[in-house]
Every structure is written in C-alpha cells, then in structure tokens.
Amino acid sequence: MANRSYLFSADSIPTEDDIPKPIRCISEHNWAVPLAHQLLVGYGTTVVPSMIWSPRIGIAADYDRGAALLRDLLLAVGQGLEEDDEFARCVKKTTTHLETQRAQYFLLETGEMVSLGDEDPVAAVERLVSADIPAAVARAEAAIAGENQEWLASVRADWQEHFASFYGKALYYSFPE
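Quick caveat: nothing in here was measured; it's all calculated off a predicted structure. (Residues numbered from 1 in each chain as written. Predicted model: local features only at pLDDT ≥ 70, side-chain atom pairs only at ≥ 80, totals over all residues. Heavy atoms only, no water.)

Enquirer: I tried to follow the overall build of the protein on my own but got confused; where do I start?
Expert: For the protein, the helix and strand inventory stands at seven helices and six strands. When the elements of the protein are put in sequence order from the N terminus, they spell out β-β-α-β-β-α-α-β-α-α-α-α-β. Since a compact globule built from 177 residues should have a radius of gyration of about 16 Å, the 15 Å found for the protein is in line with a globular shape. For the protein, the C-alpha atoms occupy an extent of roughly 50 × 35 × 30 Å along the three principal directions. Burial analysis of the protein (177 residues in total) assigns 50% to the buried set. Restricting the contact set of the protein to residue pairs at least 6 apart, pairs at least 24 apart contribute 76%. Of the roughly 8,600 Å² that the protein leaves accessible, carbon and sulfur atoms contribute 50%. Across the protein, the 14 positively charged side chains and the 27 negatively charged ones have centroids separated by 6 Å. (Helix = DSSP H or I, 4+ residues; strand = E, 2+ residues; numbered from the N terminus. Rg over C-alpha atoms; globule rule 2.2 N^0.38 Å. Buried < 20%, exposed > 50% of the residue type's maximum accessible area, 1.4 Å probe, protein only. Contact = heavy atoms within 4.5 Å. Areas by Shrake-Rupley, 256 points an atom, 1.4 Å probe, with all protein chains shown as cover. Lys, Arg positive; Asp, Glu negative; His and termini not counted. Charge placed at Lys NZ, Arg CZ, Asp CG, Glu CD.)

Enquirer: Explain the sheet that holds strand 4 (residues 58-62) here, please?
Expert: The pairing of strands in a sheet happens through backbone hydrogen bonds and is either parallel or antiparallel. What the six strands build is an open sheet, ordered 3-4-5-1-2-6; its pairing is antiparallel. Here the strands that pair on one side only, and so sit at the sheet edges, are strand 3 (46-48) and strand 6 (166-167). With two bridges connecting them, strand 2 (residues 24-30) and strand 6 associate as antiparallel partners. In the strand pairing of strand 6, Ser-27 is matched with Tyr-167. Packing against the sheet, helix 2 (residues 63-78) makes contact with strand 1 (4-10), strand 2, strand 4, strand 5 (105-109) and strand 6, and its axis sits at approximately 80 degrees to strand 4. (Pairing = 2+ DSSP bridges. Axes fitted to C-alpha atoms, helices over the stretch in contact; angles between N-to-C directions.)

Enquirer: Mind showing me how you'd approach the pattern of salt bridges here?
Expert: A side chain with one charge can pair with a side chain of the opposite charge if their charged atoms come near. Tallying each qualifying case throughout the model produces seven salt bridges. A salt bridge links Arg-4 to Glu-28, with the shortest nitrogen-to-oxygen separation between them at 3.4 Å. Residue Arg-4 is located in strand 1, and its partner Glu-28 is located in strand 2; the two are separated by 24 residues in the primary sequence. Accessibility assignment for this pair places Arg-4 and Glu-28 in one class, buried. Of the charged contacts in the structure, one is a salt bridge between Arg-127 and Glu-119, with a shortest N-O distance of 2.9 Å. For Arg-127, a relative accessible area of 37% translates into the label partly exposed. (Salt bridge = Lys/Arg side-chain N within 4 Å of Asp/Glu carboxyl O.)

Remember that the coordinates give geometry; whether it matters functionally is a separate question.
Have a look at this one:
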C-alpha cells in the first residue's frame, strides 16, 4: 500500500466539530505532496482540522486562484511538450476534473505523508504552509512570467512526478455523500 496525499474540495472548511458536506474528490498522489497539490493550495493557505486524522494537519485554500495558477503553469510547461500526447492527456484530464469538482476551497490532507518522517506531523504541515507551498507558488509565478526558465525546464523534464496524479470522483480515501 502506498502512502498518499489527498486533495478534496468543499464549499466550507472543516472545524473542530464538523466537516463540510459535500466533500468532492479531486486527486491523490502516491509517496509525495506533488507540485500540483502544492500549487492548488497556494493562495489563502491555512492550517485547518484534518477531516481524516486527529491532529490539526489539514490545509485549506482558495479553489479558484489555485486552479488558475496550476492551469497557467501547465500552459507554460506545455510550451516545451507540444509533441507529448501523454502530457496533453494529463492536462485535459486534470483541467476537466478541476472544472467538474469546483467548490470554494481546496482541502489537502497530507497526514500519510507527514507521518513518514521524523518531524512532528503538526510541525511538518506548518512548514508546508509557511515555507514549501509559498516557495512553490513563487517559482511557478516566476516561470509563468517568463523568468526562472531553469526551474521550468526541470519541471518539464519530470512532469509526471509533478502533475500525473490520479484524478477521480472516488479516491482511496473518500467521504460518503
């Protein structure tokens, strides 16, 4: 069994007493919190109660702004992959699914990933929110603006690692309707 990061959407954020309803499944990625997940939760990012685990290790963020950032970066990455049909299929599937599962917030669950290391899971999520995610957003924004071409080339070379997550209406961990 692989450990995964899970991405959901909802029209409200979890509280200590309740989780949103409905929760829409967006994506899961094995063995990492991929660049795509980080960018999707890149704006209005805040730590919230997890919907799955008991520590306060959930991450909520603005859906529309995160989705727009990922779409813009996929366009920039695609400028060097015009002949790659697999990349084109990945982009189509991702953007179509993001449109159909649209809500007010992205909700990222990283508990399986942050529990793998020696760092306290709460501290690991705080680091994601305060350092890793903002750094990823800054690099993506620079690449979209035509700067940071070396980083963009490295993302293009390993696009599957960053973008080829499983997108579906049912994930390994899903919520009943």
